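Working through the structure, step by step
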Protein chains: 2
Amino acid sequence: MNKQIKLAKRPVGMPDESTWTFETSAIPSPKEGEFLLKQEYISLDPAMRGWMNDAKSYIPPVQIGEVMRAGSIGTVIESKHPEFKVGDVLSGWGGVQQYLVSTGQGFFKVDANLAPMPVYIGTLGMPGMTAYFGILEVGKIKEGDVVLVSGAAGAVGSVVGQIAKIKGCTVIGIAGGPEKCKYVTETLGFDGAIDYKNGDMKKELRALCPKGIDVYFDNVGGEILDLALTRIRRDARIVICGAISQYNNTTPIKGPSNYLSLLVNRGTMQGMVVMDYAPNFGKAAMDMGTWMAQGKLKSREDIYDGIENFRETFTRLFTGEKMGKLVLKVSE
Amino acid sequence: MNKQIKLAKRPVGMPDESTWTFETSAIPSPKEGEFLLKQEYISLDPAMRGWMNDAKSYIPPVQIGEVMRAGSIGTVIESKHPEFKVGDVLSGWGGVQQYLVSTGQGFFKVDANLAPMPVYIGTLGMPGMTAYFGILEVGKIKEGDVVLVSGAAGAVGSVVGQIAKIKGCTVIGIAGGPEKCKYVTETLGFDGAIDYKNGDMKKELRALCPKGIDVYFDNVGGEILDLALTRIRRDARIVICGAISQYNNTTPIKGPSNYLSLLVNRGTMQGMVVMDYAPNFGKAAMDMGTWMAQGKLKSREDIYDGIENFRETFTRLFTGEKMGKLVLKVSE
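Residues numbered from 1 in each chain as written. Chains lettered and ligands numbered in written order. Predicted model: local features only at pLDDT ≥ 70, side-chain atom pairs only at ≥ 80, totals over all residues.

1. A word on the overall build of chain A
- Secondary structure summary: chain A contains 10 helices and 15 strands in total.
- Here chain A has a C-alpha radius of gyration of 20 Å; the compact-globule value for 332 residues is 20 Å, and the two agree.
- Its C-alpha atoms give chain A principal-axis dimensions of about 60 × 45 × 35 Å.
- Counting all 332 residues of chain A, 50% fall into the buried class.
- In chain A, of all internal contacts separated by at least 6 residues, the share reaching a separation of at least 24 is 65%. (Helix = DSSP H or I, 4+ residues; strand = E, 2+ residues; numbered from the N terminus. Rg over C-alpha atoms; globule rule 2.2 N^0.38 Å. Buried ≥ 20, exposed ≤ 12 C-beta atoms within 10 Å, placed from the backbone. Contact = placed C-beta atoms within 7 Å.)

2. With respect to the domain arrangement of chain A
All names here are of chain A.
- Under the domain assignment, chain A is made up of domain 1 (2-122 + 299-329) and domain 2 (126-275).
- For domain 1 and domain 2, the distance between their C-alpha centroids amounts to 28 Å.
- Sort the elements by how many residues they give to the side of domain 1 that touches domain 2 and helix H1 (residues 47-51) lands first, with three residues.
- For the side of domain 1 that touches domain 2, a count of residues per class yields seven nonpolar, seven polar and three charged. (Domains from an automatic or database assignment. Nonpolar A, V, L, I, M, F, W, Y, C, P; charged D, E, K, R; others polar.)

3. A look at helix H3 (residues 126-138) of chain B
- Counting buried positions over the 13 residues of H3(B) gives 11, a clear majority of the element.
- Looking one or two residues beyond H3(B), the residue adopting positive phi is Lys140(B), at roughly 50 degrees.

4. Quick word on the interface of chain A and chain B
- At the junction of the two partners, chain A supplies 24 residues and chain B supplies 24 residues.
- Counting residues per element, the ones that place at least two in the side of chain A that touches chain B are helix H8 (261-264) and strand E13 (268-271) of chain A.
- The element contributing the most residues to the side of chain A that touches chain B is E13(A), with four residues.
- Residue composition of the side of chain A that touches chain B, by class: 14 nonpolar, eight polar and two charged.
- Bridging between E13(A) and strand E13 (residues 268-271) of chain B involves three bridges; their strand directions are antiparallel. Following the sheet pairing, Met269(A) is matched in E13(B) by Met269(B). (Pairing = 2+ DSSP bridges.)

5. Concerning the packing of H3(B) against helix H4 (residues 157-166) of chain B
Residues and elements named next belong to chain B.
- Packing of H3 against H4 leaves a shortest axis separation of 8 Å and a crossing angle of 45 degrees. One way to sum up the angle between H3 and H4 is to call them oblique. For H3 against H4, the interelement crossing comes out right-handed. Each of Pro 127, Gly 128, Ala 131, Tyr 132, Gly 134, Ile 135 and Leu 136 in H3 lies in contact with H4, whose residues at this interface are Val 159, Val 160, Ile 163 and Ala 164.
- Its residues assigned to classes, the contact of H3 with H4 comprises nine nonpolar, two polar and no charged. (Axes fitted to C-alpha atoms, helices over the stretch in contact; angles between N-to-C directions. Parallel < 35°, antiparallel > 145°, perpendicular 65-115°, else oblique. Left-handed = near helix turned anticlockwise from the far one by under 90°.)

6. Re the pairing of strand E4 (residues 72-79) of chain B
All names here are of chain B.
- Note: strand E3 (residues 35-43) against E4, seven bridges, orientation antiparallel. Within E4, the position partnered with Lys 38 by the bridge is Thr 75.
- Note that E4 and strand E5 (residues 89-92) share four bridges and pair antiparallel. For Thr 75, the partnering residue across the bridge sits in E5 and is Val 89.

7. Observations regarding unusual backbone geometry
- Residues other than glycine seldom take positive phi values, yet Lys140(A) does so here, at roughly 50 degrees.
- Within the secondary structure, Lys140(A) is located in the loop between helix H3 (126-138) and strand E8 (146-150).
- The exposure class of Lys140(A) is partly exposed, given the 15 C-beta atoms found within 10 Å.
- Phi is positive for Arg266(B), close to 55 degrees, though the residue is something other than glycine.
- With respect to the helices and strands, Arg266(B) occurs in the loop between helix H8 (261-264) and E13.
- Given 19 C-beta atoms within a 10 Å radius, Arg266(B) is considered partly exposed.

8. Overview of the nonpolar core
- Judged by nonpolar contacts, the single largest core of 188 residues is most densely connected at Val147(A), Ile213(A), Ala228(A), Val147(B) and Ile213(B).
- Setting aside anything within four residues of it in sequence, one finds Ala228(A) in contact with Leu148(A), Ile213(A), Tyr216(A), Asp218(A) and Ile238(A). (Core = buried A, V, L, I, M, F, W, Y, C linked by C-beta atoms within 7 Å.)

9. Regarding the sheet that holds strand E9 (residues 170-175) of chain A
- Strand order in the open sheet formed by 12 strands is E10(A)-E9(A)-E8(A)-E11(A)-E12(A)-E13(A)-E13(B)-E12(B)-E11(B)-E8(B)-E9(B)-E10(B), with mixed pairing between adjacent strands. Every other strand in the sheet has two partners, leaving strand E10 (192-195) of chain A together with strand E10 (192-195) of chain B as the edge strands with one partner each. Across the sheet, the mean angle from the axis of one strand to that of its neighbour is 15 degrees, orientation sign disregarded.
- Where strand E8 (residues 146-150) of chain B and strand E9 (residues 170-175) of chain B come together, five bridges link them in parallel fashion.

Laid out in structure tokens, this is it:
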């Protein structure tokens, strides 16, 4: 049987028991030109929360009754498609389900011998691509820049900071709790970390970036974005990648009160969506694969088990109870 | 005697009677290498409000006891400087006073035969330069763009919109009251105008920009910035030139709640300071002078008389009771 998670109701605030339904149905059969994919891992990302809102965005919202959208990786177990063979490992937009049939649209083959499957939905998947293009193309880092990144122990932030280190920047991360901060500095090699859950963030930021910051990569929004704005230097770039602190708001989003710092410092605040860079994902994967092989880019996945545990696991994105890329194993 | 306006106290909210002192002193005498300038007109600009705050900004704040900083234009009436002759007309940073001695720093000669003096502190001065570089270099307009500009009847906004029209854009202005809106469309040739003091701005913006906007030139901040964010198109540029709605706040500045529209639409919000473009002011003045001669760029000044009336006149910037560039005549 095939287990699926479908959107039942648009959540207000944090998703709860009523948000999704858990359904069981027969495993579908591929028709001519299709294949059957057995999904192994599902990617859990903050952006999924946005896809549940009935609002104009960069992609249409998930519809009520639809399988919850998610990145995934799995293995072809039956094929009537000339280009996909049994045993092929595919990454793409498989949604939160164990099996699916597809014509291949939205999927691409990966070499499961080169990296573990979860890495293909993490550092070599959308989060890694977001980090790569966000910090290089939007953040436009150059050697010697001071880079601040929030969500620094997370799937995107951890890669952002490591790429910035590779490119010769000074990198300060913001993360929640001493364990994550230690991970960021000791394992990932950031120059400093600020624990937003403890201590005086403003004072620590001043101490760690006495001359200010050139690039702020924002995954969180809210007060941390406002704090970063107080420390930007002339011609600073702020990359707006996400705003996890605001996604479950039941009140209006908190806009950055200090945005006039952009005027004073001639700063730029720019939004990004990773799909825009799809034509260059190959180059990025090659660069990041090389850095991983050289030990310069570390990847950490926090893997939970069981599609039945989707909601509880998804919630960890917002409570912060996870380390690195959050992944759900859905195969049995 | 020389009449001067000096900063007496840092205002909280709107400046009042206690903010400045009016002083009278002897007209100073130039020493070797200096000249005596008789000032004719003082430029009144929203940015002056920011210069009064004791905050890190793009220039140091005006100090208590100092002559209030302002752009100005005047005539050399005595000179011991080899490069400045009696009768030369100079524009620069003369402050709110009738006479001053200077070594020439911060002043440059203008040809008073080519344009009336007030135009040199308006369309051919800082406000015009702000408009020119803001819309061309930061806004990066191209033919066919839909451009929205707030403060559309003002010194900067009126020039922004006219330049955008010259460059083949569709231009919508936001201004306060029917008279200003009529001026913006009928005299300046904008394609549409929205009266923020009357009617449903959101509905009107949708009607006038059904396909959204490519560039928003922001002089006002607050709710209008937030509204503009709801209508930006893919790859839109927002030029942060000022935030007149927020300058006299006694509460924290209202940040743009809708800033995540930058993410969805891959938009850029960038701050600017006109002084950065000083090396290219000559080229801009040539372009704008040509457009004025061709009748494509109209300039309107609202001139009040008497340095004694500085505060009342300055207040008009924030109440909106003026049409075009606000200027104070200070010579007697």
